[in-house]
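Residue-level listing of the chains:
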Amino acid sequence: MAEYDYDIGVIGGGAGGLTVTSGAAQLGAKTLLVEKEKELGGDCLHFGCVPSKTLIKTAHVYHWMKNAEKFGLPALDLPPVDFREISKRIKSVIDTIQPHDSKERFCNLGARVEFGQPAFIDEHSIRLNGHTYSAKNWVIATGSSPVVPPIRGLDKTDYITNKEIFYLDHLPKSMIVLGGGPIGTEMAQAFCRLGTEVSVVNRAPQILAKEDADMADAVKEVLSAEGVNFYLNSSIEEVNDLGREKEVKIKTGEGSTLSLKAETVLVALGRAANTNDLGLDKIGVEYTPRGIKVDNRLKTNLKHIYAAGDINGGFQFTHAAGYEGGIVISNAIFRLPRKVDYTFLPWCTYTDPPLGSIGMNEKRAAAAGIKYTVWTEEFKDNDRSLAEGETIGKIKMLLDEKEKPIGVQIMGPHAGDLLGEWVAILNGKVKLSTLAAAIHPYPTIGEINKKVAGSYFSPKIFSEKVQKGLKFFFHLKGRACAEDACSEQ
Ligand SMILES: Cc1cc2nc3c(=O)[nH]c(=O)nc-3n(C[C@H](O)[C@H](O)[C@H](O)COP(=O)(O)OP(=O)(O)OC[C@H]3O[C@@H](n4cnc5c(N)ncnc54)[C@H](O)[C@@H]3O)c2cc1C
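Residues numbered from 1 in each chain as written. Predicted model: local features only at pLDDT ≥ 70, side-chain atom pairs only at ≥ 80, totals over all residues. Heavy atoms only, no water.

Peer 1: Help me understand the packing of helix α12 (residues 415-427) against helix α14 (residues 447-461), please; the structure alone is not making it clear to me.
Peer 2: When two helices pack together, their arrangement is given by the angle between the helix axes and the distance between those axes. In contact at an axis separation of 9 Å, α12 and α14 are set at 50 degrees when each is read in the N-to-C sense. In terms of orientation, α12 lies oblique with respect to α14. Where α12 approaches α14, its residues L418, E421 and W422 are matched on the opposing element by I448, N449 and V452. For the contact of α12 with α14, the per-class residue count stands at 4 nonpolar, 1 polar and 1 charged. (Axes fitted to C-alpha atoms, helices over the stretch in contact; angles between N-to-C directions. Helix = DSSP H or I, 4+ residues; strand = E, 2+ residues; numbered from the N terminus. Parallel < 35°, antiparallel > 145°, perpendicular 65-115°, else oblique. Contact = heavy atoms within 4.5 Å. Nonpolar A, V, L, I, M, F, W, Y, C, P; charged D, E, K, R; others polar.)

Have a look at this one:
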């Protein structure tokens, strides 16, 4: 049997790679982790989830301060923000998390961590910093980078992406966001709230293309009301660097050409897999620009090489990368064949209010040919939402023909956290009646979950048929006041 230096080698120290490394090392596998940057943590910690959610919170607080009067407080005359201070806060949050994603921590768990740019030299070995390392199994978890499409003039323009946006030395006066996906939408609202004049250009007729149009449009309405300009159905024709200003020429859905100008252009047009310089062609690992091809056990065409996280072009979320890391451990270390199942993978776009999703929405159900009914509740009817001053939005529950829940969409306060209950219900196949009957604390925004389940049962319970039955058996006397007399009482 061939002898290798390591049981498992992991390339990429982000959410996916760190999950595999931590699990494998703690299970006693001799594990090597290779990261090309100077620190572990990947995009999520340095250029993604953590900095974006920290920035969003700062923008949220500033927005609420500007709206103090709505809460019965004195109006505030606020000075403009100093983005360097916001960046400092972002860096301090990252610094607090960094020890959790450090070489020392993973070394303590039993893994060897090396920094540098590795390349496969054969199916089991990489070359790194002048040394060769071999492993029985390999996991590629090198993540993704912002796509920069070949738009005329873009390559000669000084634009920013998620790599730069959290570390600017001042707040841009104006910004054109190219792309209406989750990153573009979250950043558009945050910067608008901080005082930047923001325009979003999107080719599709709605933002957040994966979501149902009614939910995405509701998010757009909130952002529009706060001052974000949207150019939907619009294609980007050309970008020009005019020095202190950048110009984006767009063609609108109506066919007219518009010239938008701003200090900064944010490119948020999707993600490309980090497959470069890994020597994949040399060893014959198959990939496309979207990502490394994997089967449902996350194996590449070379059965001892796995790909987990953004690199495989699937669901590009930190929790998806973590989940996939767990699948790889099962398959590569435990040798227990485990397939991925994304049926109830939740996600959330953290606008205010956020838009969260789990399972089927109307778009996905229709595309899969599933017959469904929709049950909704609005946040304006939730007592806690009223108290919090957060009444925009609704929850949408989809039931299949057998009246089983198949998905939930929430656009409203704490949508991401509200999904937690649905994660348990959908994965645990909990009956809707259990949720409807379960006692929820009052007053909480989470009561909306119980209420939407109850909305399905209410018409059945409070029906004329039930009333008639009760009247017959127990001689109930019926209404105490005539319907048309209620307003006179
Ligand atoms: C602005 C923004 C906001 C986001 N917000 C959220 C959110 O709120 N929630 C959420 O779930 N997801 C969010 N995401 C997505 C999330 O960041 C990614 O899905 C997640 O980081 C993917 O993890 P990963 O391990 O696949 O890749 P990464 O975390 O990117 O890790 C890949 C690692 O591989 C390293 N690497 C790359 N190439 C090589 C190489 N050749 N050799 C060695 N190492 C290499 C990289 O340096 C990196 O450390 C956001 C992303 C962005 C950009």
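Peer 1: Explain helix α3 (residues 49-66) to me, please; I cannot follow it from the model alone.
Peer 2: Structural remark: α-helix, 3.6 residues per turn; residues separated by three or four positions point the same way. Taking 1.5 Å per residue, 18 residues should reach 26 Å; α3 reaches 25 Å between its end C-alpha atoms and fits that length. Here α3 has its buried residues at V50, P51, S52, T54, L55, I56, T58, A59, H60, Y62 and H63. (Expected span 1.5 Å × (residues − 1). Buried < 20%, exposed > 50% of the residue type's maximum accessible area, 1.4 Å probe, protein only.)

Peer 1: Help me understand the site of the ligand, please; the structure alone is not making it clear to me.
Peer 2: Taken together, the neighbourhood of the ligand is formed by 35 residues, with G16, E35, K53, D310 and T318 sitting nearest. Between the ligand and A15, the relevant distance is 3.1 Å, taken from an oxygen atom to a main-chain nitrogen or oxygen of the residue. A distance of 3.5 Å separates an oxygen atom of the ligand from a polar backbone atom of C44. For the ligand, the protein covers 93% of the area, taking 990 Å² as the surface of the free molecule. Within the residue set of the shell around the ligand, elements represented by two or more residues are α1 (15-26), β2 (31-35), α2 (42-46), α3 and α9 (318-332). Within the shell around the ligand, the residues separate by chemical class into 13 nonpolar, 15 polar and 7 charged. (Near = heavy atom within 4 Å. Polar contact = N/O pair within 3.5 Å; in protein donor to acceptor, adjacent residues only side chain to side chain. Areas by Shrake-Rupley, 256 points an atom, 1.4 Å probe, with all protein chains shown as cover.)

Peer 1: What's the story with α9 in this structure? I'm lost.
Peer 2: Under the 1.5 Å per step criterion, the end-to-end length of α9 is 21 Å for 15 residues, consistent within 8% with the ideal 21 Å. Among the residues of α9, those classed as buried are A320, A321, E324, G325, I327, V328, I329, S330, N331 and A332. In this structure, the buried residues of α9 make contact with β1 (6-11), α1, β6 (131-140) and β18 (305-307).

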